[in-house]
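Summary of the model geometry
Each chain, letter by letter, is given below.
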Amino acid sequence: MKSSAHSAATFASPVGKFSESEILQAFVPLLEEHNRWAGAQPGNLVEMTVGPGDDCSVLSMPASQLVFTTDTQTEGQDFRRQWNSGDTTTGYDVGWKAATQNLADVVSMGAEPITLLVSLSTPPDIPLQWLKDFARGLTDSCRKNGAERCSISGGDLGASTEISVTVTAVGRCAGAPLLRSGAQVGDVVAIAGELGTAAAGFAVMEYSQGFSIDDLENRPGHILRAVQAQQRPQTPMRNALQAVGVAHAMMDISDGPVRDAQRIAQASKVSIHLETELFRADIAQLEPVADWLTARSQTQEFSLSTATRWVLSGGENHGMLACFPADTPLPKGFRAVGRCERTHPDSVFVDGKVPSDKGWDHFLAE
Ligand SMILES: Nc1ncnc2c1ncn2[C@@H]1O[C@H](COP(=O)(O)OP(=O)(O)O)[C@@H](O)[C@H]1O
Ligand SMILES: Cc1ncc(C[n+]2csc(CCOP(=O)(O)OP(=O)(O)O)c2C)c(N)n1
Ligand SMILES: [Mg+2]
């Protein structure tokens, strides 16, 4: 029989020591507190009339077009609790990233995130505190990425052999939704947000080995920033929403600029021509990370060209890729990286050539 919360069990105890309703009692109030705060944010047009606790939540709002999306993070595929470098991914990190990647999908459609649903499966040995940290990661991602009015209206909890989180997000369009299919010949292709740092952070944690806690904290600033970008990506939500009414097409960059540009090219029937020179600042920033890894990895080769690969083909930063009419100034936060042409509809070129590294693919990944 399970011990109850009245016994010696504490937040450090594994969730396997608690009943489902005891776990929810520790977890849901953190979300409810956030929902009250989000509901009171200026300009909120959405009222949560039924929150977590019933079979569904109920939200009411003025007539609008809604967008829906969902994304899963699975231990071993999207993160490790313990990395080869000695870094750990905490409950806070998992919550942050699961929320962020869904918020990015919503804003990339030109919509304001209004609510998230969160389904979490964990092994029973995860401490209850992990779930509380997870809840805080979710709410902080909303608050700090610019989705202050986004609530967390419910979810599901289950036991499994590894941690898996599925977040479903709902957003409300202010104007017409921004699709992948709207790019036009002559458009400027532009990016907002960081590029390549999350891929660099993944490489640091996966391929450098065996640091003690002190060594981890004393790594150079550019290494720590890359690790942070992998664990807690920042999506440029405000910049994305400023592209509404200006951009012809937009998407969030989850699998790298090359693969994601390919998706816009295909949907819009244009060719997209990217120029490495226009990514120079992003690449230069990551060359010291590649250099640092060269001396530390026995299993993987790194060189300065690795930095170019991270920038062009690395995913998980959740920046925005958008196509703008050439005669309009780019909204704040966007920088030009290429253009749309009619040469080979469906294709992406980098410096005039078909790129050899196409970007991340879950099923092709080793
Ligand atoms: N199991 C599924 N059922 C229905 N549609 C799906 C499924 N998996 C993916 N899709 C759709 O395919 C498209 C691409 O999916 P994905 O690569 O996960 O999107 P993103 O990169 O924006 O997260 C999306 O429109 C998504 O809704
Ligand atoms: C353990 C581990 N292996 C590999 C990766 C690299 N990785 C996982 S998902 C991904 C791309 C983003 O994929 P997904 O989260 O499915 O985003 P979507 O395309 O569905 O938006 C990358 C580069 C990682 N972060 N962690
Ligand atoms: Mg997406």
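Remember, predicted model here, so these are calculated numbers, not experimental data. (Residues numbered from 1 in each chain as written. Chains lettered and ligands numbered in written order. Predicted model: local features only at pLDDT ≥ 70, side-chain atom pairs only at ≥ 80, totals over all residues. Heavy atoms only, no water.)

Observations concerning the side chain of Lys-97
- Turning to its location among the elements, Lys-97 is positioned in helix 2 (residues 91-108).
- With residues near it in sequence (within four places) discarded, Lys-97 still touches Gln-73, Asp-78, Gln-230, Gln-231, Pro-233 and Glu-316. (Helix = DSSP H or I, 4+ residues; strand = E, 2+ residues; numbered from the N terminus. Contact = heavy atoms within 4.5 Å.)

Brief notes about the site of ligand 1
- In the neighbourhood of ligand 1, the contacting residues comprise Asp-71, Asp-105, Arg-180 and Ser-254.
- Between ligand 1 and the protein, one listed contact pairs an oxygen atom with a side-chain N or O atom of Asp-105 at 3.3 Å.
- Ser-254 places a polar side-chain atom, nitrogen or oxygen, 3.4 Å from an oxygen atom of ligand 1.
- For ligand 1, whose accessible area on its own is 560 Å², the fraction buried by protein is 26%.
- Taken together, the residues that form the shell around ligand 1 break down as no nonpolar, 1 polar and 3 charged. (Near = heavy atom within 4 Å. Polar contact = N/O pair within 3.5 Å; in protein donor to acceptor, adjacent residues only side chain to side chain. Areas by Shrake-Rupley, 256 points an atom, 1.4 Å probe, with all protein chains shown as cover. Nonpolar A, V, L, I, M, F, W, Y, C, P; charged D, E, K, R; others polar.)

Description of the sheet that holds strand 5 (residues 151-159)
- Read across the sheet, 4 strands follow the order 3-6-4-5 without closing on themselves; strand pairing throughout is mixed. The open sheet has two edge strands, strand 3 (66-74) and strand 5, and neither has a second partner. Between one strand and the next, the sheet's axes are offset by a mean angle of 15°, whatever the strand orientation.
- With 10 bridges connecting them, strand 4 (residues 111-122) and strand 6 (residues 164-173) associate as antiparallel partners. Paired with Ala-111 across the two strands is Cys-173, which belongs to strand 6.
- Packed onto the sheet, helix 2 meets strand 3, strand 4 and strand 6 and runs at close to 150° relative to strand 3. (Pairing = 2+ DSSP bridges. Axes fitted to C-alpha atoms, helices over the stretch in contact; angles between N-to-C directions.)

Some words on the coordination of the magnesium ion (ligand 3)
- The magnesium ion (ligand 3) binds to the protein through Asp-105 (OD) and Asp-252 (OD), with metal-donor distances spanning 2.0 to 2.3 Å. In this pair, Asp-105 sits in helix 2 while Asp-252 sits in strand 8 (residues 249-253), placing the two residues 147 residues apart along the sequence. Exposure class is identical for Asp-105 and Asp-252. Each is buried. (Donors = N, O, S within 2.8 Å, 3.2 Å for Na, K, Ca; no water. Buried < 20%, exposed > 50% of the residue type's maximum accessible area, 1.4 Å probe, protein only.)

Regarding the packing of aromatic side chains
- One pass over the full model with this rule turns up 9 aromatic pairs.
- Relative to Trp-310, the ring of Phe-302 lies with its centre 6.2 Å away and its plane at 45°, an arrangement referred to as tilted. There is no split in this pair, since Phe-302 and Trp-310 are both buried.
- Taken together, a centroid distance of 5.0 Å and an interplanar angle of 75° make the contact between Phe-324 and Phe-334 edge-to-face. Here Phe-334 lies in strand 11 (residues 334-341) and Phe-324 lies in strand 10 (residues 319-324), a separation of 10 residues in the sequence.
- For Phe-334, a relative accessible area of 9% corresponds to the buried category.
- Clustering of aromatic rings is evident, with ring pairs tying together Trp-83, Phe-202, Tyr-207, Phe-302 and Trp-310.
- Above the face of the Trp-83 ring, Arg-80 is positioned so that its terminal group lies 5.8 Å from the ring centre. (Phe/Tyr/Trp six-rings, centres within 6.5 Å; stacked < 30°, edge-to-face > 60°. Lys NZ or Arg CZ within 6 Å of the ring centre and 35° of its normal.)

A look at the site of ligand 2
- In the vicinity of ligand 2 lie 15 residues, with Asp-78, Ser-254, Glu-316, Trp-360 and His-362 positioned nearest.
- The contact in question runs from an oxygen atom of ligand 2 to an N or O atom on the side chain of Gln-101, over 3.2 Å.
- Take Asp-255: an N or O atom from its side chain is 3.2 Å from an oxygen atom of ligand 2.
- About the coverage of ligand 2: the protein hides 88% of its 590 Å² of free accessible area.
- Here the shell around ligand 2 is built from residues that sort into 4 nonpolar, 6 polar and 5 charged.
- A domain split of the shell around ligand 2 shows at least three residues from each of domain 1 (15-173) and domain 2 (180-350). (Domains from an automatic or database assignment.)

Considering helix 8 (residues 257-268)
- For helix 8, with 12 residues, the first-to-last C-alpha span of 16 Å sits near the 16 Å given by 1.5 Å per residue.
- What helix 8 keeps buried is the set Pro-257, Val-258, Arg-259, Asp-260, Ala-261, Ile-264, Ala-265 and Ser-268.
- Where helix 8 is buried, its residues meet strand 7 (188-192), strand 8, strand 9 (271-274), helix 10 (304-313), strand 10 and strand 12 (348-350).
- Downstream of helix 8 by one or two residues, Lys-269 has phi in the positive range, about 55°. (Expected span 1.5 Å × (residues − 1).)

What to know about the sheet that holds strand 7
- Pairing is mixed in the open sheet, where 6 strands are placed in the order 8-10-7-11-9-12. Every other strand in the sheet has two partners, leaving strand 8 and strand 12 as the edge strands with one partner each. Strand-to-strand twist of the sheet, defined as the mean angle between neighbouring strand axes without regard to direction, takes the value 25°.
- Sheet topology places strand 9 next to strand 11; 4 bridges connect them, and they run antiparallel. Its bridge partner lying in strand 11, Ile-272 is registered against Cys-340.
- Each of strand 8 and strand 10 is contacted by helix 2, which is oriented at about 170° to strand 8, the strand it contacts most.

Topic: helix 6 (residues 221-231)
- Among all positions of helix 6, only Ile-223, Ala-226, Val-227, Ala-229, Gln-230 and Gln-231 are buried.
- The elements touched by buried residues of helix 6 are helix 2, helix 4 (197-207) and helix 9 (280-294).

Regarding the domain arrangement of the protein
- Along its sequence, the protein is carved into domain 1 (15-173) and domain 2 (180-350).
- Relative placement of domain 1 and domain 2: their C-alpha centres are 25 Å apart.
- Every contact between the two is made by 27 residues of domain 1 and, on the other side, 28 residues of domain 2.
- Contact with domain 2 buries area across many residues of domain 1, yet Trp-83, Ser-85 and Lys-97 alone supply 22% of it, more than any other trio. (Buried area = accessible area lost by both parts, 1.4 Å probe.)

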